[in-house]
Amino acid sequence: MYRIGVIGAGFVGLATATVLAERGHEVICSDVQEKRVNQLNDGQLPIVEDELEEVMRKFLKIGTLRFTTSNLLAVSSADYVFLCLATPSQVDGTANVDVLYDVIKEIREQMKPGAVLVVKSTVPIGTTRKLRDVLSRFDCSVVSNPEFLREGRALFDSRSPDRIIIGADNLAIAREVGKLFTSNTELVQVSSYESAELIKYASNAFLAMKVSYINDIAALCEAFDTDIAAVVQGVGSDTRIGREFLNPGPGWGGSCFPKDTLALTVMAENVGVKLELVEATIRANERHRYSIVEKIKSRLTSTSSRVAVLGLTFKAGTSDVRESPSIEIVQELIRQGLEVVAFDPTVRTGSDLGMGKTFRIVDSPLEACISADVIAVLTEWDDFRLLDPNDVGHLVRHRAVIDARNHLDQDAWVGADFDYVGVGRI
Ligand code: UDX
């Protein structure tokens, strides 16, 4: 059992702290937001994340997981200190890592001799080495350990990782860090700091490319009147390609892909390398979002103007609307003078979204559909698949549905006389 300090109680910090407590360690997690810390100590998780709250409560109760506003408290007796701080985009597209330097300066004197600092935040290539220099504690070690967990699957991904990447200059320490998360040493891959940092960016950019690629192929299916589902099945059955991340939709979003693809292209450009594929992926993603707006508009008549939007989060299973395609699509609809009535199971108020008076959030998907001229399903929540198109048909003004995730039962909606438009579906 080790004593572990986790700095940052965001999505990655909370998952890391909880999983390490579950693996038998004593964990103190710190965050500057007092309200958040109080809430966490009361057993309330400030994010929507399957199972995480339950497990977090269990270890709070046992006493091996605690939250504090003091970074020094988290660090002072810790054998391992995890940095799980956000690195948001700056105006030039690069990641802002100032907070990491600030925290290192704050904690450097407090780290106990022999402690290991683990950088989990996604940081530009070269940052971990610089952080090590700023820490400047020759009796402590620094490793890079990028995080690959998905929102909505945080606990599952943390418990069953595909691989654990450790960037380090000391193999023995790297292996020890790997052991904190798994007893299967084959999962642990040790590399240089820089390789570890790049693995994170290269993975996210590749997955984003995969999604954009299938969205382009879906557009081609529409042009040739053929079905994307068959194409995906055929292409994805090639084990070299794989079936995952081939679901067409309104484009990728969230707190990672947009930020990391942009940062990667800027980082590359700054060293004279042009990442044309990633740049094209970012452009294609914009186009894919806009193509959903066009589909919605194509079903409106000159006198109709109300759109029912089902789903605001960037994907199902989360309450996160950061860089959500749905939000951009709604913004564009509103800019074009349309009225939007939305429902999302995890977004209960629109006050933070700054959409104006022609945007409203209601309490159920059926309520959103009342008098709608077109329905747009933008996030793949189960609730939407369970809707009975016949019930919905009685509520709407016009029977038109844009299924931006190919999430609905097309036959059922067509059977209920809906003009059904999917993505790459005939
Ligand atoms: C991603 C990475 O998967 C994870 O490894 C990293 O640590 C953080 O970024 P996350 O942001 O939670 O995780 O979302 P993910 O499930 O990867 O989806 C990203 C976006 O791609 C979402 O907008 C999603 O809707 C979209 N997507 C994904 C598709 O449109 N089609 C797919 O087939 C898969």
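Everything numeric in this text was worked out from a predicted model, so none of it was measured. (Residues numbered from 1 in each chain as written. Predicted model: local features only at pLDDT ≥ 70, side-chain atom pairs only at ≥ 80, totals over all residues. Heavy atoms only, no water.)

### Looking at helix 5 (residues 98-107)
To keep things clear, this is the line we draw: Think of it in three bands: with a 1.4 Å probe and only protein chains considered, a residue is buried below 20% of the maximum accessible area for its type, exposed above 50%, and partly exposed in between. What counts as a helix is a DSSP run of H or I of at least four residues, what counts as a strand is a run of E of at least two, and both are numbered from the N terminus. Think of the arc as the fan of directions from the helix axis to the C-beta atoms. The contact criterion used is simple: two residues touch if any of their non-hydrogen atoms lie within 4.5 Å.
Residues of helix 5 that are buried include every one of Leu100, Tyr101, Val103, Ile104 and Ile107, and no others. Down the axis of helix 5, the buried set is contained in an arc of 165°. They therefore lie on one face. Tucked inside the fold, the buried residues of helix 5 contact strand 1 (3-7), helix 4 (71-76), strand 4 (80-83), strand 5 (116-119) and helix 6 (127-135).

### Topic: the pairing of strand 6 (residues 141-144)
The test is simple: Crossovers are described as right-handed under a simple rule: with the strands pointing away from the observer, the path leading from the first strand over the helix to the second runs clockwise.
Of the two faces of strand 6, the one holding Ser141 and Val143 and the one holding Val142 and Ser144 are both buried throughout. Crossover connection from strand 5 via helix 6 to parallel strand 6: handedness right-handed.

### Section: the nonpolar core
In a soluble, globular protein the nonpolar side chains are often hidden away together inside. Our working definition: By convention a nonpolar core is built from buried Ala, Val, Leu, Ile, Met, Phe, Trp, Tyr and Cys residues, the set being connected through side-chain atoms within 4.5 Å.
One finds Phe67 and Phe82 to be the most contacted residues of the largest nonpolar core, which totals 41 residues. Take this core: its biggest share by element is seven residues, from helix 1 (residues 11-22). Leave out the neighbours within four places in its chain, and phenylalanine 82 touches Ile4, Gly5, Val6, Ile7, Thr16, Leu20, Val118, Lys120, Asn145, Leu180 and Phe181. Formed by 34 residues, the second largest nonpolar core is a distinct cluster that contains Ile228, Leu312, Leu338 and Met355.

### Some thoughts on the packing of helix 9 (residues 193-223) against helix 11 (residues 257-270)
Angle between the axes and distance between the axes: these two values describe a pair of packed helices. What counts, and what does not: For helices, the axis comes from a line fit to the C-alpha atoms of the stretch in contact; other axes are also lines fit to C-alpha atoms, and the angle between any two N-to-C directions lies between 0 and 180 degrees. Two helices cross in a left-handed way if the nearer one is turned anticlockwise from the farther one by less than a right angle. They cross in a right-handed way if the turn is clockwise. Gly is placed with the polar residues, together with every amino acid not listed as nonpolar (Ala, Val, Leu, Ile, Met, Phe, Trp, Tyr, Cys and Pro) or charged (Asp, Glu, Lys and Arg).
At a minimum axis separation of 9 Å, helix 9 and helix 11 run at an interaxial angle of 115°. You can see that helix 9 and helix 11 cross each other, and the crossing is left-handed. Residues Leu198, Lys200, Tyr201, Asn204, Ala205, Leu207 and Ala208 of helix 9 pack against Phe257, Asp260, Thr261, Ala263, Leu264 and Met267 of helix 11. Taken together, the residues that form the contact of helix 9 with helix 11 break down as nine nonpolar, two polar and two charged.

### Focus: the sheet that holds strand 14 (residues 419-421)
As a reminder of what qualifies: For two strands to be treated as a pair, DSSP must find no fewer than two bridges joining them.
Reading across the sheet, the six strands line up as 11-10-9-12-13-14 and stay open at both edges, with parallel pairing between neighbours. Bordering the open sheet on either side are strand 11 (359-361) and strand 14, each of which pairs with just one other strand. Along the sheet, successive strands turn relative to each other by an average axial angle of 20°, direction set aside. Direction of pairing for strand 12 (residues 374-377) relative to strand 13 (residues 400-403): parallel, over a ladder of three bridges. Bridged to alanine 376 within strand 13 is isoleucine 402.

### A closer look at the site of the ligand
Using the following cut-off: A single heavy atom is enough: if one lies within 4 Å of a molecule or strand, its residue is considered near that molecule or strand. Per-residue accessibility takes into account occlusion by the displayed protein chains alone, with areas from the Shrake-Rupley method and a 1.4 Å probe.
If you check the shell around the ligand, you find 18 residues, and the closest are Phe148, Glu151, Asn247, Lys315 and Arg405. Isolated, the ligand exposes 670 Å² of accessible area, and the fraction of that covered by the protein chains is 92%. Ranked by residues supplied to the shell around the ligand, first place goes to helix 9 with three residues. Across the shell around the ligand, the residue classes break down as nine nonpolar, three polar and six charged.

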